[in-house]
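# Report on the structure
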Amino acid sequence: MTAAQTNLLGLNRHDLESFFTAMGEKSFRAGQVMQWIYQRRELSFDNMTDLSKLLRSKLEQTACLELPEIVRDQLSTDGTRKWLLRLADGNCIETVFIPEVDRGTLCVSSQVGCLLTCTFCATARQGFNRNLTSAEIISQLMVADSLLNQAGQERAVSNIVMMGMGEPLLNYDSVISAMKLMLDDLSYGLSKRRVTLSTAGVVPAIYKLKQDCPVSLAVSLHAPMDDLRNELVPINKKYPLKQLIEACHDYVATESRRRITFEYVMLDGVNDSDQTAKKLINLIREIPSKVNLIPFNSVHGIHYSSSPIKQINRFRDILLDAGIFTITRKTRGDDIDAACGQLAGKVQDKTKRSQRLAVQATASH
Ligand code: SAH
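Just so it is clear, the structure is predicted and the values come from calculations on it, not from any experiment.

This brings us to the overall build of the protein chain. On a plain count of helices and strands, the protein chain comes out with twelve helices and 14 strands. Relative to a compact globule of 365 residues, whose C-alpha radius of gyration would be 21 Å, the protein chain shows 21 Å and is just as compact. Each principal axis of the C-alpha distribution contributes one length, and for the protein chain these read about 70 × 50 × 40 Å. A burial count over the protein chain gives 56% of its 365 residues as buried. Working note: accessible area of the protein chain is about 16400 Å², and carbon and sulfur atoms make up 50% of it.

This part takes up the packing of helix α1 (residues 13-22) against helix α2 (residues 29-39). Relative to each other, α1 and α2 sit at 120 degrees, their axes nearing to 8 Å. The orientation of α1 relative to α2 falls into the category oblique. In the crossing of α1 with α2, the sense of the turn from one axis to the other is right-handed. Two secondary-structure elements touch here, α1 through R13, L16, E17 and F20 and α2 through R29, A30, V33 and M34.

Okay, the packing of aromatic side chains next. A complete count under the given rule lists four aromatic pairs for this structure. Above the plane of the ring of W36 lies R40, whose end atom (NZ or CZ) is 4.0 Å from the centre. The ring of Y172 has K208 sitting right over it, with the charged end atom 4.3 Å from the ring centre.

This next bit is on the site of the ligand. Around the ligand, the surrounding shell holds 21 residues, and the nearest of these are F120, S198, S220, H222 and N297. Within the contact set of the ligand, an oxygen atom lies 3.4 Å away from a backbone nitrogen or oxygen of T199. The separation between an oxygen atom of the ligand and a polar side-chain atom of S220 is 2.6 Å. In isolation the ligand exposes 540 Å². Once the protein is present, 95% of that is buried. Put simply, the parts of the chain that give the shell around the ligand at least two residues each are β10 (195-199), β12 (260-266) and β13 (289-295). Among the residues making up the shell around the ligand, the classes are represented as eleven nonpolar, eight polar and two charged.

The next subject is the pattern of salt bridges. All chains considered together, the criterion is met by 18 salt bridges. Here D145 makes a salt bridge to R41, at a shortest N to O gap of 2.7 Å. With a gap of 104 residues between them, D145 in helix α5 (residues 134-150) and R41 in the loop between α2 and α3 (53-62) connect regions that are remote in the sequence. Taking relative accessible area as the criterion, D145 reaches 5% and is therefore assigned buried. Classification of R41 as partly exposed rests on a relative accessible area of 25%. Between R155 and D145 there is a salt bridge, and its shortest N-O distance comes to 3.2 Å. In this pair, R155 is assigned in the loop between α5 and β9 (159-162) and D145 in helix α5, connecting sequence segments ten residues apart. Among the charged side chains, a network of salt bridges with common partners joins E25, R29 and K58.

For R155, which is not glycine, the phi torsion reads 45 degrees and is therefore positive. Look at R155 and you get partly exposed, because its relative accessible area is 33%. Of note in this structure, K352 is not a glycine but carries a positive phi near 65 degrees. Mapped onto the elements, K352 comes out in the loop between β14 (325-328) and α12 (353-363). Look at K352 and you get partly exposed, because its relative accessible area is 48%.

Glancing now at the domain arrangement of the protein chain. Accessible area lost when the parts come together is the quantity often used to give the size of an interface. Domains assigned within the protein chain are domain 1 (6-64) and domain 2 (69-361). Centre-to-centre separation of domain 1 and domain 2, based on C-alpha positions: 33 Å. When the two sides are added together, the surface that domain 1 and domain 2 hide from each other amounts to roughly 1400 Å², 54% of it contributed by carbon and sulfur. Between domain 1 and domain 2 we count eight residue pairs in polar contact (both at pLDDT 80 or more) in total. When residues in the side of domain 1 that touches domain 2 are grouped by element, the largest group, six residues, is from α2. Classifying every residue of the side of domain 1 that touches domain 2 by side-chain character gives six nonpolar, six polar and three charged.

What follows covers helix α6 (residues 172-183). Compared with the 16 Å implied by 1.5 Å per residue over twelve residues, the 16 Å span of α6 between its first and last C-alpha is a close match. Those residues of α6 lying buried are Y172, S174, V175, I176, S177, A178, M179, L181, M182 and L183.

Let's shift gears to the sheet that holds strand β4 (residues 81-86). Strand order across the open sheet formed by ten strands is β3-β4-β5-β6-β9-β10-β11-β12-β13-β14, with mixed pairing between neighbours. This sheet does not close on itself; its edge strands, each paired only once, are β3 (69-75) and β14. Averaged over neighbouring strand pairs, the angle between their axes works out to 20 degrees when direction is ignored. Sheet analysis places β9 next to β10, joined by three bridges and oriented parallel. Among the inter-strand pairings, I160 is bridged to a residue of β10, identified as V195.

Below, the discussion takes up the state of the cysteines. Tallied over the entire structure, the rule returns zero disulfides. The thiol sulfur of C118 is not disulfide-bonded, and the nearest other cysteine sulfur, from C121, lies at 6.3 Å. C118 sits in the buried class, given a relative accessible area of 15%.

Analysis parameters
- Residues numbered from 1 in each chain as written.
- Predicted model: local features only at pLDDT ≥ 70, side-chain atom pairs only at ≥ 80, totals over all residues.
- Heavy atoms only, no water.
- Helix = DSSP H or I, 4+ residues; strand = E, 2+ residues; numbered from the N terminus.
- Rg over C-alpha atoms; globule rule 2.2 N^0.38 Å.
- Buried < 20%, exposed > 50% of the residue type's maximum accessible area, 1.4 Å probe, protein only.
- Areas by Shrake-Rupley, 256 points an atom, 1.4 Å probe, with all protein chains shown as cover.
- Axes fitted to C-alpha atoms, helices over the stretch in contact; angles between N-to-C directions.
- Parallel < 35°, antiparallel > 145°, perpendicular 65-115°, else oblique.
- Left-handed = near helix turned anticlockwise from the far one by under 90°.
- Contact = heavy atoms within 4.5 Å.
- Phe/Tyr/Trp six-rings, centres within 6.5 Å; stacked < 30°, edge-to-face > 60°.
- Lys NZ or Arg CZ within 6 Å of the ring centre and 35° of its normal.
- Near = heavy atom within 4 Å.
- Polar contact = N/O pair within 3.5 Å; in protein donor to acceptor, adjacent residues only side chain to side chain.
- Nonpolar A, V, L, I, M, F, W, Y, C, P; charged D, E, K, R; others polar.
- Salt bridge = Lys/Arg side-chain N within 4 Å of Asp/Glu carboxyl O.
- Domains from an automatic or database assignment.
- Buried area = accessible area lost by both parts, 1.4 Å probe.
- Expected span 1.5 Å × (residues − 1).
- Pairing = 2+ DSSP bridges.
- Disulfide = S-S within 2.5 Å.

Written out as structure tokens, the structure reads:
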């Protein structure tokens, strides 16, 4: 890519129309090019045969379609597949494909590392470098779609979860732009129900999301009391539970079929007691929701352990008895570190957090 070239990947329909009108072309060119790129997987302007030769050569000069480089492609024994992608600046991010009987879910990253410091998460330990561009976000879907297609799995990605590295609501504009592209009929045409954004609770952005792109919402709750949540998910100090729960209420208020998914990582002896389950029930009982219990996946250097399966089941049953729809999320891809909270990529950390943690670890040995 030269400085004068615009990477057209990641431009949603509106932005791509502006690109074409700015070069004196009709806005419907945007739709044609989107179909070439995302539906026919064509990345060479020269092969876009319903564009005039002149336009194709203009595009060669002014635009480009640049995907990240695939540096590692790992397959888990359970069929989960994880890619390490190198971005133009050398940072690397991870994307995970989770096949199930009735769907294929792609777990997409939104940032290089993460600014949040949730104590049980691998990404948090990597520190933070920068937000991903919308091109880098949609590229993850393009890479997965294309490689799975080459492996004979046509349109294998049916669901997207913004649950990879990073906090999507702290990279708001690029995430919205990329999600609009996922939903657009001229590209992937996914329904809003099949795209889920997961947040640790950036409250003002939850209200905005409802206006701008109301996809399914998952909230990483992990604790029903402020003191414990302050510890596990420190952004809770800024946006405490009362505010978060109000925002969740608002998110589902006007659409009758919509439900919030509350994610809850099960940490042995920390947030998994019967009493905590009851507090959780009181906190969320008024909200149309379901709870996903996530067995804690081990992360190097983090000293929590997962609740035993017996306690997870017990916790689940207490919620079920109170009429709260609850499932235990199956751990997938942990043999290749692709499970929830295990994504780490290669982050050129700007926060010095990763360095600090490494020093602490050596000091404590
Ligand atoms: N920042 C967003 C997106 C990340 S989603 C969010 O917090 O929602 C990743 C999910 O995996 C979150 O629910 C996160 O809390 C959970 N998670 C993080 N570390 C984990 C671990 N070690 N074991 C199990 N789940 C974990």
